[in-house]
Amino acid sequence: MKTYLNFFKRTAILLFAVGTLSSAEECDWFEDEEIDCSECVSAQIHLCDALGRTNGRLDQAQAAVDKVKKACGSKGSAKVTAVHTKWLNNPTENCSQMGFSCN
């Protein structure tokens, strides 16, 4: 009985390992994240406009900040900082002409 249990444990572990490795092939861990560039740029323009209404205060434009982070994926936080910096450098410029990008 003890030999049968050891065999069962080893088989279960082996099946789990094989299943895990075979399913890992389906994941694209090393592929670039796909984002909708127009949505990312639109969210940045929205944040810039929101900064105009909040006098540059990110804490009062949290919904717009979250929108940029969601739309721009892993680059979202950096995009928020870039939008804030551009707005601070020229708060009177038209946000849609500030040249935001998704790169």
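Provided above is the structure to which this section pertains.
For clarity, every value in this text was computed on a predicted model and none was experimentally measured.

Undergrad: I tried to follow helix H2 (residues 37-53) on my own but got confused; where do I start?
TA: Each full turn of the α-helix corresponds to 3.6 residues, which orients residues three or four apart in the same direction. Taking 1.5 Å as the rise per residue, H2 with 17 residues should run 24 Å; its terminal C-alpha atoms sit 25 Å apart, in good agreement. For H2, the full list of buried residues reads Cys40, Val41, Ala43, Gln44, Leu47, Cys48, Ala50 and Leu51. Packing partners of the buried residues in H2 comprise helix H3 (62-71) and helix H4 (76-89). Just downstream of H2 lies Asn55, where phi reads positive at about 60°.

Undergrad: Any chance you could explain the nonpolar core here in plain terms?
TA: The tendency in soluble globular proteins is for nonpolar side chains to be buried as a group. The biggest cluster of nonpolar side chains holds 20 residues, and the ones touching the most others in it are Leu47, Cys48, Leu51, Val68, Val80, Val83 and Phe100. Elements with a contribution of two residues or more to this core: H2, H3 and H4. Ranked by residue count, the leading element in this core is H2, at seven residues.

Undergrad: How do you make sense of H3 when you look at a structure like this?
TA: When we look at burial in H3, the residues that qualify are Ala64, Val65, Val68 and Ala71. The buried residues of H3 all sit within an arc of 140° when viewed along its axis, so they share a single face. Turned more than 90 degrees from where H3 packs its buried face, Ala63 and Lys70 sit exposed.

Undergrad: Any chance you could explain the pattern of salt bridges here in plain terms?
TA: If you walk through the whole model with that rule in mind, you get one salt bridge. One salt bridge in this structure joins Arg57 and Asp59, with 2.6 Å as the shortest N-O distance.

Undergrad: Is there a simple way to explain the packing of H2 against H4 in this structure?
TA: Each pair of packed helices can be described by the angle between their axes along with the distance between the axes. Between H2 and H4, whose axes approach to 10 Å, the crossing angle comes to 45°. Classified by the angle their axes make, H2 and H4 are oblique. The interaxial crossing formed by H2 with H4 has right-handed handedness. Side by side, H2 and H4 meet where Gln44, Leu47, Cys48, Leu51 and Gly52 of the first sit next to Lys79, Val80, Val83, His84 and Trp87 of the second. Tallied by class, the residues present in the contact of H2 with H4 amount to six nonpolar, three polar and one charged.

Criteria and thresholds
Here the residue index of a chain counts from 1 through its sequence in written order. In view of the model being predicted, local features appear only for residues whose pLDDT reaches at least 70, and side-chain atom pairs are presented and counted only at 80 or more, with totals across whole chains, interfaces and linings using the full set of residues. Hydrogen atoms and water are omitted, and side-chain values are computed over all heavy atoms in the structure. A run of H or I in DSSP counts as a helix once it spans at least four residues, and a run of E counts as a strand once it spans at least two, with each numbered from the N terminus. To estimate how far a helix should reach, multiply one less than its number of residues by 1.5 Å. For every residue, the accessible area (1.4 Å probe, protein chains only) is compared with the maximum for its type, and the residue is labelled buried under 20%, exposed over 50%, or partly exposed between those bounds. Contacts were defined at the residue level, with two residues in contact if any of their heavy atoms lie within 4.5 Å. Definition used in this section: a nonpolar core is a set of buried Ala, Val, Leu, Ile, Met, Phe, Trp, Tyr and Cys residues joined via side-chain atoms within 4.5 Å. The arc refers to the directions leading from the helix axis to the C-beta atoms. The salt bridge criterion pairs a side-chain nitrogen of Lys or Arg with a carboxyl oxygen of Asp or Glu, the two atoms within 4 Å. Note on geometry: axes are C-alpha line fits, over the in-contact stretch for helices, and angles between N-to-C directions span 0 to 180 degrees. Under this scheme an angle from 65 to 115 degrees is roughly perpendicular, one under 35 degrees roughly parallel, and one over 145 degrees roughly antiparallel; angles in between are oblique. By the definition used in this description, the sense in which the near helix is turned from the far one sets the handedness, with an anticlockwise turn below a right angle giving left-handed and a clockwise turn giving right-handed. Three classes are used, and their members are as follows: Ala, Val, Leu, Ile, Met, Phe, Trp, Tyr, Cys and Pro are nonpolar, Asp, Glu, Lys and Arg are charged, and the others, Gly among them, are polar.

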